[in-house]
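Listed here are the chains, written in short residue letters.
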Amino acid sequence: LRGASSRSPPCPFSFLQRSQQLKRSARLAPAPHRLNSSLPMNIGVLFVPQQEAWVVERMGKFHRILEPGLNFLIPLLDRIRYVQSLKEIVINVPEQSAVTLDNVTLQIDGVLYLRVMDPYKASYGVEDPEYAVTQLAQTTMRSELGKLSLDRVFRERESLNANIVDAINQASDCWGIRCLRYEIKDIHVPPRVKESMQMQVEAERRKRATVLESEGMRQSAINVAEGQKQAQILASEAEKAEQINKAAGREANAMLVKARAKAEAIQLLAAALAQQHGSAAASLSVAEQYVSAFSKLAKDSNTLLLPANTGDVTNMVAQ
């Protein structure tokens, strides 16, 4: 009792000052926010910059969103709770480990491009939008890499980025955030796997060089054979054409010589017939040919076809 009586009674003004200080500190403490700049003070007349959205609360409840330009608020009652930037935001996704379909562990990081589409949902839909989207991108990346083998990871980076963007947009629709792009920056492979990949690349290049060399030799042999074939064909065609030309020339010359000889013989015969006793000589020649023809018929066959006036040789020769 003595100790209690010795203590001085608490002053009511100290409690009042304490409560006022707590209220003042709570009013001046910045509200937790992401994707926004520092919170401006409500002085009644506010100028909102372009590509920004200011979320206003009236007595702790959402009131409205200030558009860029001139805006009026009631001091003490209205409070700017969030300032959301409507520009495109770039977020670095930290490096993470992921296991591929063929059990290869990769270290992969990326860059995420976001934009706030609905300031209300971005302010009240999630506590930390950047952290939520980053975690979602990492988990989606691990799940997508688990579906691909190591070789397909390097070939299908575009499809992998597109799948991650689709998964993020499906989950972040209720947050008022839209993922525009996701790009993989670096993919780090374990040293042993990298060495094996290098050996595989070298073996593939040696195989390709061997195949190309064999294809070149094959094509060269084909070209040489085709050239020899074409040369033989052209040589035979040339020889054939030469023989045809020679034969045609000999035959033409022979025909000309024969025709000239026949013409000269006819001329000589006509000249001989025009001379004295020429008709008698012609009758004698015809009679000799007649007898010679019958003699040949008698030698070749037993059947003879004789004219009706066989005995009258003189009359037949005259005819």
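Just above sits the structure.
Presented here is an overview of the structure given in this document. (Residues numbered from 1 in each chain as written. Predicted model: local features only at pLDDT ≥ 70, side-chain atom pairs only at ≥ 80, totals over all residues. Heavy atoms only, no water.)

**Here's the deal with the pattern of salt bridges**
For step 1, the next point in the chain: In total, this model carries seven salt bridges according to the counting rule given.
For step 2, the next point in the chain: Residues Glu-144 and Lys-147 are paired through a salt bridge, measuring 3.8 Å at the closest nitrogen-oxygen approach.
For step 3, the next point in the chain: The exposure class assigned to Glu-144 is buried, which follows from its relative accessible area of 13%.
For step 4, the next point in the chain: Residue classification places Lys-147 among the exposed positions, given a relative accessible area of 52%.
For step 5, the next point in the chain: One salt bridge connects Glu-156 with Arg-152, and the closest N-O pair in it is separated by 3.2 Å.
For step 6, the next point in the chain: Among the residues examined, Arg-152 registers a relative accessible area of 32% and is labelled partly exposed.
For step 7, the next point in the chain: Among the charged side chains, a salt-bridge network with shared partners connects Glu-88, Arg-115 and Arg-181. (Salt bridge = Lys/Arg side-chain N within 4 Å of Asp/Glu carboxyl O. Buried < 20%, exposed > 50% of the residue type's maximum accessible area, 1.4 Å probe, protein only.)

**Some details on helix α6 (residues 157-172)**
For step 1, the next point in the chain: Over its 16 residues, α6 extends 22 Å from the first C-alpha to the last, a length consistent with the 22 Å expected when each residue adds 1.5 Å.
For step 2, the next point in the chain: Burial in α6 covers these residues: Leu-160, Asn-161, Ile-164, Val-165, Ile-168, Asn-169 and Ser-172. Relative to the axis of α6, the buried residues are bounded by an arc of 165° and lie together on one face.
For step 3, the next point in the chain: Next to the buried residues of α6 lie β7 (105-116), α4 (129-145) and β8 (177-188). (Helix = DSSP H or I, 4+ residues; strand = E, 2+ residues; numbered from the N terminus. Expected span 1.5 Å × (residues − 1). Arc of directions from axis to C-beta. Contact = heavy atoms within 4.5 Å.)

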